[in-house]
Amino acid sequence: MQTRSFFAMFFHRKAVWGGVALLAALAVSPVTLAAQSAADYVIGAQDVLTIQVFDQADLGGKYTVEADGTFGFPLIGRVKAGGLTLRSFEGELKTKLADGYFKNPQVTVAVEQYRSQRVFVMGEVRAPGPVSLTGGMTLIEALSRAGSTQPTASGEVAVVRAAQGAKGPVLPDQPTGTEVFRASIRELESGSLAQNIELRDGDTIFVPRAETAYVFGQVKNPGGYAVQKDTSVLQALSLAGGVTENGAMNRVRIVRIVAGVKKEIKVGLTDTVKAGDTIIVPERYF
């Protein structure tokens, strides 16, 4: 009973701390990226801009960028915003207002609604689908907006960058004219941002399903479970609810297909499980 309690506590703590690490990474990054968004976002058609001119309330308001990248603005008529970053357009608008209308006008421009650019988050995430692309958005932020990964997700995520003109999600097995970047979910969870690449319009983020191993015999919940590349026998047993009172922990074995031949292997609790393995916990001797 003490052994089972130890295993339960070990994996409960690991799950809690893993979740905390992921939440911390996802919670901090949007704040950091907000500053980048203001400077780097490229305005596109259908974006809704909020414009404020200091001490000129009548000029402030919300403006929708039309299909040709322009929109009408009081006093100066049609202005072109499409293709410019927020800060570049802010400077252009300030220059036009200073040309015979105001002395040193103070202008701020922000995006009220992002409608022109997007990325696609597919696979084992809680809310798959398109995500509006904001300036400086990175992989972590896009996964966060898709609800984070599912427990069935593999340990890797692929970012597929399609050729210009692609109008929908592109999967990693469609190689024509695409680039594929791969990142470790574990590294992203740990807070290491080396693989946290910045996204571009039209990118597809694909989180594949984890491989499956099977646990049978003297376990509480026998069946198939998602395993990662480094899942141990002990971790797989924990996924199956742990060993019953009648289970023989010292005689666990794995049935594995090697080169088309079925082999039965005696394993230790720290050995690594492979995709397709069947773990068998025999009944202990009395």
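Details of the structure are given in the entry above.
Now for a look at the structure at hand. (Residues numbered from 1 in each chain as written. Predicted model: local features only at pLDDT ≥ 70, side-chain atom pairs only at ≥ 80, totals over all residues. Heavy atoms only, no water.)

**Quick look at the pattern of salt bridges**
Argument step 1. Taken as a whole and assessed by the stated rule, the structure comprises 10 salt bridges.
Argument step 2. The salt bridge partner of Asp203 is Arg161, with a shortest N-O separation of 2.7 Å. Of the two residues, Asp203 sits in the loop between α4 (185-189) and β10 (204-207) while Arg161 sits in strand β8 (residues 156-161), which places them 42 residues apart along the sequence.
Argument step 3. Looking at Arg161, the relative accessible area reads 9%, which means it is buried.
Argument step 4. Arg186 is the partner of Asp230 in a salt bridge, and the nearest nitrogen-oxygen pair spans 2.6 Å. (Salt bridge = Lys/Arg side-chain N within 4 Å of Asp/Glu carboxyl O. Helix = DSSP H or I, 4+ residues; strand = E, 2+ residues; numbered from the N terminus. Buried < 20%, exposed > 50% of the residue type's maximum accessible area, 1.4 Å probe, protein only.)

**Some points on the sheet that holds strand β11 (residues 211-217)**
Backbone hydrogen bonds hold the strands of a sheet together, and the pairing may be parallel or antiparallel.
Argument step 1. One open sheet holds the five strands; their spatial order is β12-β11-β15-β13-β14, and the pairing between them is mixed. Both edges of this open sheet fall to β12 (223-227) and β14 (261-266), since each of them pairs with a single strand only. Adjacent strand axes in the sheet meet at a mean angle of 30 degrees, parallel and antiparallel pairs treated alike.
Argument step 2. In terms of strand pairing, β11 meets β12 through five bridges, oriented antiparallel. Counterpart to Ala213 in the pairing with β12 is Tyr225. (Pairing = 2+ DSSP bridges. Axes fitted to C-alpha atoms, helices over the stretch in contact; angles between N-to-C directions.)

**Topic: the sheet that holds strand β6 (residues 118-123)**
Argument step 1. Pairing is mixed in the open sheet, where five strands are placed in the order β7-β6-β10-β8-β9. Edge positions in the open sheet fall to β7 (129-132) and β9 (179-184), since each of these has one partner strand only. Within the sheet, the average angular offset between the axes of one strand and its neighbour, ignoring direction, is 25 degrees.
Argument step 2. Relative to β10, β8 is paired through three bridges, and the arrangement is antiparallel. Its bridge partner being in β10, Val159 is matched across the sheet by Ile205.

**Here's the deal with unusual backbone geometry**
Argument step 1. With phi around 70 degrees, Asp55 is a residue other than glycine that occupies positive phi space.
Argument step 2. Secondary-structure assignment places Asp55 in the loop between β1 (48-53) and β2 (61-64).
Argument step 3. For Leu75, which is not glycine, the phi torsion reads 75 degrees and is therefore positive.
Argument step 4. Turning to its location among the elements, Leu75 is positioned in the loop between β3 (70-73) and β4 (77-80).
Argument step 5. For Leu75, a relative accessible area of 48% corresponds to the partly exposed category.

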